[in-house]
Amino acid sequence: MLQHSETQPGLMNVLSITYDTEKNHIFSDYMASRWPELAPMKFADIWHLLTGLEKQLLPLDSACFQRYCSPDRLATRQGQQLEYQLYLCELFCRESLFQLKTSVELSPERFFHFTKSLSSLVTVDGMIFFGACNPGSAAPEKVVELNKTEFLINSTLAGGPHKSYVHLVSAATGRITAGPIGESSAEDMVNRIIMFETGRPQRYLCVVAPAAN
């Protein structure tokens, strides 16, 4: 099973489930009939569901379990340490029926399709205004979670890496782009636009002109 989904323009989630169709026919039949139910589920939910099925279909390797989770070894473990040790033993002492992987990939074609559409909606002297949280916030150079907008900002898209999402979109569209630094809301967005149009000063707003990139 291979699934592609777009978290936002330019970012593609890739989820794959691989298994030997001849290894366990019950598991293979389950995947063949139930994969449409797995498609909309989160990674963690798929993992718990399939490992639960795996436990029902395959016994533990008793020799392996005794080696790593014997009463003597568990006697020194308490609380969460004990739970984690048992989890590891179940993980390593049962032959796996599947591999579940997820990753995030850049999709330049989708990103530039998005920014081209934005450009077509805004005049050359117009402005693109983002009302979401943090489009004007500086992105960390080291991205921990690759499904975040920072992955786009730190890429080479539109001459990047860029300082913020506002900088990235301005560079890609050739339009003045603005967005709040920090959290925002629908009410905040309306107020910011009114203040911007009436020439009133405001804080925590990032405004970027294409030439400034």
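Please read all numbers here as calculations on a predicted model, not as lab measurements. Per chain, residues are indexed from 1 in the order of the written sequence. Local features in this predicted model are restricted to residues of pLDDT 70 or higher, and side-chain atom pairs are both shown and tallied only at a pLDDT of 80 or more, whereas totals for entire chains, interfaces and linings draw on every residue. To obtain the side-chain values, all non-hydrogen atoms of the structure were used and water was disregarded.

Student: Would you explain the pattern of salt bridges in this entry?
Tutor: Side-chain pairing between opposite charges can occur once the charged atoms of the two side chains come close. Salt bridges are defined by distance alone: a side-chain nitrogen of Lys or Arg within 4 Å of a carboxyl oxygen of Asp or Glu. Taken as a whole, this structure holds six salt bridges when the rule is applied. Across the salt bridge formed by K23 and E95, the nearest N and O atoms sit 2.9 Å from each other. One end of the pair, K23, is in the loop between β2 (11–18) and α1 (25–38); the other, E95, is in the loop between α5 (79–92) and β3 (99–106), and 72 residues separate them in sequence. Working definition: with a 1.4 Å probe on protein chains only, accessible area under 20% of the residue-type maximum means buried, over 50% means exposed, and in between means partly exposed. On the accessibility criterion, E95 (53% relative accessible area) is exposed. A salt bridge links R94 to E90; the shortest N-O distance between them is 3.3 Å. Per the convention used, a helix needs a DSSP run of H or I reaching at least four residues, while a strand needs a run of E reaching at least two, with both numbered from the N terminus.

Student: It is not clear to me how the packing of aromatic side chains should be interpreted in this structure. Could you clarify?
Tutor: Two aromatic rings are characterised by how far apart their centres lie and by the angle between their planes. Working definition: a ring pair exists when centres of Phe, Tyr or Trp rings (six-membered ring for Trp) sit within 6.5 Å. Plane angles under 30 degrees give stacked, over 60 give edge-to-face, the rest tilted. Scanning the model with the defined rule gives six aromatic pairs in all. With centroids separated by 5.9 Å and ring planes inclined at 65°, the aromatic side chains of W47 and F98 adopt a geometry described as edge-to-face. Of this pair, W47 sits in helix α2 (residues 43–57) while F98 sits in the loop between α5 and β3, and the two are 51 residues apart along the sequence. Owing to a relative accessible area of 26%, W47 belongs among the partly exposed residues under this scheme. Aromatic pair Y84 and Y87: ring centres 6.3 Å apart, planes at 25°, arrangement stacked. Of this pair, Y84 and Y87 both sit in helix α5, separated by three residues, roughly a single helical turn. Overall, the relative accessible area of 52% leaves Y84 in the exposed class. The exposure class assigned to Y87 is partly exposed, which follows from its relative accessible area of 42%. An aromatic cluster of at least three residues, connected via ring pairs, comprises Y19, F27, W47 and F98.

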